[in-house]
Amino acid sequence: MTSCFKDIFGMALAALAFWACGSNYETSGNGDFDGYWQLEQMDTLATGGVTDMHDSLIFWAVQHRLVELCNRQPHPRGYGYMHFSVYYHFERTADTLRFLADPLPVVDKRTASIPDPYALLEEIQVYGFSRFDETFRVLQLDDDHMTLQSEVYRMYFRKY
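Please read these numbers as outputs of a predicted model, since none were measured by experiment.

Draft legend 1. Layout of the pattern of salt bridges. Following the criterion strictly, the structure yields six salt bridges and no others. Arg131 is paired through a salt bridge with Asp133; the nearest N and O atoms lie 3.6 Å apart. Residue classification places Asp133 among the partly exposed positions, given a relative accessible area of 39%. Ionic contacts of the salt-bridge type, sharing partners, join the residues Arg131, Asp133, Glu134 and Glu151 into one network.

Written as structure tokens, this is what we have:
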């Protein structure tokens, strides 16, 4: 009888330990949006232009309420990659994605300097931004693909 009691007590203790670990688990609430996204195609809505971005190294890395917009380019001398990153806080609803007014301070790793705001605005256009405080409609979002649309662009992403 004591052996049975020890087995039951051991299983109850293990169940309690699993429950205690699971109760502290926290998620961002972003669902499929969290992850590493590569820009595959960018459409200009006003002109109907379509740009194939499959070979680009433009990525959005999303975690919790922070997005890193990263443009990796081959080094001109073949020393790997140079990249430029911009970090944004964002707010997301079921069908919108709003980037808050100003990106976080960033260092341009190509020049080891902080770009002036006008140069930064030019840099973020490659990510589909036409202004700092951009809002996108979420047209599609699942575990493999995302489609976003602003007033100027429609962008298609694939998830890594």
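Draft legend 2. Structural view of the pairing of strand β4 (residues 66-74). Both strand β3 (residues 58-63) and β4 contribute to a ladder of six bridges, which runs antiparallel. Counted as the bridge partner of Gln63 is Leu66 from β4. Between the antiparallel neighbours β3 and β4 lie two residues, among them His64 with a positive phi of about 55°.

Draft legend 3. Spatial organisation of the nonpolar core. The biggest cluster of nonpolar side chains holds 28 residues, and the ones touching the most others in it are Trp60, Leu97, Phe99, Phe129, Leu148 and Met155. Broken down by element, this core gets its largest block of residues, four residues, from strand β5 (residues 81-92).

Draft legend 4. Up close: the packing of aromatic side chains. Scanning all chains against the criterion turns up 14 aromatic pairs. Both rings, one in Trp60 and one in Phe157, keep their centres 4.9 Å apart while their planes meet at 55°; by these two values the pair is tilted. Of this pair, Trp60 sits in strand β3 while Phe157 sits in strand β9 (residues 153-159), placing them 97 residues apart in sequence. Under the relative-accessibility criterion, Phe157 is labelled buried at 1%. Linked through ring pairs, Phe33, Trp60, Tyr88, Phe90, Phe99, Phe129, Phe136 and Phe157 together constitute an aromatic cluster.

Draft legend 5. Molecular detail of unusual backbone geometry. Unusually for a residue other than glycine, His64 sits at a positive phi of about 55°. Residue class for His64 comes out partly exposed when judged on its relative accessible area of 39%.

Draft legend 6. Geometry of the side chain of Ser56. Position of Ser56 relative to the elements: it lies in the loop between β2 (49-52) and β3. Overall, Ser56 belongs to the buried group, its relative accessible area being 15%. From its side chain, Ser56 meets the backbone oxygen of Leu39 in a polar contact 3.4 Å long. Setting aside chain neighbours within four positions, we find Ser56 in contact with Gln38 and Leu39.

Calculation notes
- Note that residues are indexed from 1 along each chain, following the sequence as it is written.
- Per-residue local features are limited, in this predicted model, to residues with pLDDT of at least 70; the limit for side-chain atom pairs, both in listing and counting, is 80 or more; totals at the level of whole chains, interfaces and linings are taken over all residues.
- Calculation of side-chain values draws on the structure's entire complement of heavy atoms; hydrogens and water are dropped beforehand.
- Any carboxyl oxygen of Asp or Glu that lies within 4 Å of a side-chain nitrogen of Lys or Arg is treated as forming a salt bridge with it.
- Per-residue accessibility, obtained with a 1.4 Å probe over protein chains only, is compared with the maximum for each type, and a residue is labelled buried under 20%, exposed over 50%, and partly exposed between these values.
- Strands are labelled as partners when DSSP assigns at least two bridges between them.
- Counting from the N terminus, the helices are the DSSP runs of H or I reaching at least four residues and the strands are the DSSP runs of E reaching at least two.
- For this analysis, a nonpolar core means a set of buried residues of the types Ala, Val, Leu, Ile, Met, Phe, Trp, Tyr and Cys, connected via side-chain atoms within 4.5 Å.
- Paired rings are identified among Phe, Tyr and Trp, the last through its six-membered ring, by centres lying within 6.5 Å, and are further divided according to the angle between planes into stacked (under 30 degrees), edge-to-face (over 60) and tilted (the rest).
- Definition of a polar contact: a pair of N or O atoms within 3.5 Å, with one able to donate and the other able to accept a hydrogen when the atoms are protein atoms, and with sequence-neighbouring residues admitted only if both atoms are side-chain atoms.
- Throughout, a residue-residue contact means that at least one pair of heavy atoms, one from each residue, lies within 4.5 Å.

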